[in-house]
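Survey of secondary and tertiary structure
Letter by letter, the chains look like this.
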Amino acid sequence: MEYKIAVIPGDGIGPDIIEQALLVLHKVGDRFGHTFTCQTVLAGGAAIDATGNCLPQETIDVCKAADAVLLGAVGGPKWDGLPGDQRPERALLGIRKELGLFANLRPAMIFPELADASPLKAEILEGGLDILVVRELTGGIYFGERGTRETDMGPAAYDVEMYSEGEVRRIAKVAFDMAMKRNKHVTSVDKANVLDSSRLWRRVVTEVSKDYPEVKLDHLYVDNAAMQLVRNPRQFDVIVTSNIFGDILSDEASQITGSIGMLPSASLATGNFGMYEPIHGSAPDIAGQDKANPAATILSVGMLLRYTLGLSAEADAVENAVRAVLADNIRTPDLYTGSETLVGTAEMGRRIAEKI
Ligand code: NAD
């Protein structure tokens, strides 16, 4: 088959890790008989330098015409002085909106070889960890009405959390569909003891669950969910939650794994279209030094193959290749503990591609 992929290397370590991810993607193409036609476009700081705009129209057009988008990371100190609405990170909000990416999928998994990297005690993680956080990405307080007003306590500012039934229904369906392919357990996280928007959230998620009789549904308040994630993370399979709660809980879940350079993510639109990227940023402190771990971006390629292109054998091949290289005790500096074979970004990518 032939597929069109829009590629946004971005800034900092972005171009280095994307180069390795494309090496693996093309190796998958050779092995399984697919052609991946990749078109590279600009976003973030690189786009500001070249065009004055962090998200040029050409980038949006190329992404919309592609089957999927692969992104490195954007941002860096060079552009930190720009006003908020002109900063490289604005490109991410713009792209999510333009492409209708309403569902953010963030797996938090622990590879047995890296169990020591977790800040949690070994007995809490015995048997491994595999959580999928499904975060609503285009609604809620980050996109709600906002403003300022005078009060008798001085100037005040407000941001409104609002969810429609339709927004909750579509993200809940994504979560239940994912659970059907996993361990058939959804935990919906809200603050229904306090917030009206959460009460609507809980009611709609419960309604959607009726279409998925095989999936067990629990509800947790967000404060309890934050506690349970460090106390007993193995109780979770799929967690579904709002934009702001998901922002916080998915970062917490990723920290449990202890290795930011290993975690991929997907942002999905209606249908199969999606954008795939590592959860980490552009790591300007190690950019251009051949020190970045490309595994999170390579695993993002795995998610792209699985969720947008429906190629599960190919996706399994990518995940197994990363596992095999870890089992061979090959480590980039972020994972190196002193006794393994230390390699740089390019060598790590080459070794993973070799295992496909
Ligand atoms: P960061 O994730 O870039 O880096 C945090 C720490 O993790 C750094 O010490 C970095 O060296 C390390 N790290 C990150 N990825 C790594 C990898 N693949 N291999 C090895 N080590 C890795 O977060 P930050 O420092 O807060 O942000 C840096 C820039 O990235 C900022 O401009 C920020 O706005 C931007 N950012 C972009 C995205 C994105 O593009 N999606 C996400 C987060 C941050």
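Definitions and limits used
- Residues numbered from 1 in each chain as written.
- Predicted model: local features only at pLDDT ≥ 70, side-chain atom pairs only at ≥ 80, totals over all residues.
- Heavy atoms only, no water.
- Axes fitted to C-alpha atoms, helices over the stretch in contact; angles between N-to-C directions.
- Helix = DSSP H or I, 4+ residues; strand = E, 2+ residues; numbered from the N terminus.
- Parallel < 35°, antiparallel > 145°, perpendicular 65-115°, else oblique.
- Left-handed = near helix turned anticlockwise from the far one by under 90°.
- Contact = heavy atoms within 4.5 Å.
- Nonpolar A, V, L, I, M, F, W, Y, C, P; charged D, E, K, R; others polar.
- Domains from an automatic or database assignment.
- Buried area = accessible area lost by both parts, 1.4 Å probe.
- Salt bridge = Lys/Arg side-chain N within 4 Å of Asp/Glu carboxyl O.
- Core = buried A, V, L, I, M, F, W, Y, C linked by side-chain atoms within 4.5 Å.
- Buried < 20%, exposed > 50% of the residue type's maximum accessible area, 1.4 Å probe, protein only.
- Pairing = 2+ DSSP bridges.
- Expected span 1.5 Å × (residues − 1).

Next up on the list: the packing of helix α9 (residues 295–308) against helix α10 (residues 312–327). In the contact formed by α9 and α10, the axes pass within 7 Å of each other and the chain directions differ by 165°. Put simply, α9 runs roughly antiparallel to α10. By crossing handedness, the relation of α9 to α10 is classed as left-handed. Counted together, Ala295, Ile298, Leu299, Gly302, Leu305 and Arg306 of α9 and Ser312, Glu314, Ala315, Asp316, Val318, Glu319 and Val322 of α10 form the full contact between these two elements. Each residue belonging to the contact of α9 with α10 can be placed in one class, and the counts come to seven nonpolar, two polar and four charged.

Further remarks concern the domain arrangement of the protein chain. Often the size quoted for an interface is simply the accessible area lost on bringing the parts together. Segmentation of the protein chain into domains returns domain 1 (1–103 + 262–356) and domain 2 (119–256). Distance between the C-alpha centres of domain 1 and domain 2: 25 Å. Across the boundary between the two partners, domain 1 contributes 10 residues, which contact 10 residues of domain 2. Summed over both sides, the interface between domain 1 and domain 2 buries roughly 930 Å², with carbon and sulfur atoms accounting for 77% of that surface. If you look at where domain 1 meets domain 2, you find zero salt bridges.

For the rest of this paragraph, the subject is the nonpolar core. The biggest cluster of nonpolar side chains holds 65 residues, and the ones touching the most others in it are Leu105 and Leu305. Here this core gathers at least three residues from each of two domains, domain 1 (1–103 + 262–356) and domain 2 (119–256). Not counting residues up to four positions away in its chain, the partners in contact with Leu105 are Leu132, Val133, Val134, Val174, Met178, Ser265, Ala266, Leu268, Met303 and Tyr307. Ranked by size, the runner-up nonpolar core spans 23 residues in total, among them Ala6, Ile48, Val62 and Val69.

This part is about the sheet that holds strand β12 (residues 274–278). Reading across the sheet, the 10 strands line up as β2-β1-β3-β12-β11-β4-β5-β10-β8-β9 and stay open at both edges, with mixed pairing between neighbours. The sheet is open, and its two edges are formed by β2 (35–40) and β9 (216–221), each paired on a single side. Looking at each pair of strands side by side, their axes are set apart by 25° on average, direction ignored. For strand β3 (residues 68–73) and β12, the ladder comprises three bridges, and the chain directions are parallel. Paired with Ala68 across the bridge in β12 is Gly274. Taken strand by strand, helix α3 (residues 57–65) contacts β1 (2–10), β2 and β3, and its axis lies near 150° from that of β1.

Bringing α10 into the picture now. Between its terminal C-alpha atoms α10 stretches 22 Å, which fits the 22 Å expected from 16 residues at 1.5 Å a residue. For α10, the complete set of buried residues consists of Glu314, Ala315, Ala317, Val318, Ala321, Val322, Val325 and Leu326. Among the residues trailing α10, Asn329 stands out with phi positive, at a value near 65°.

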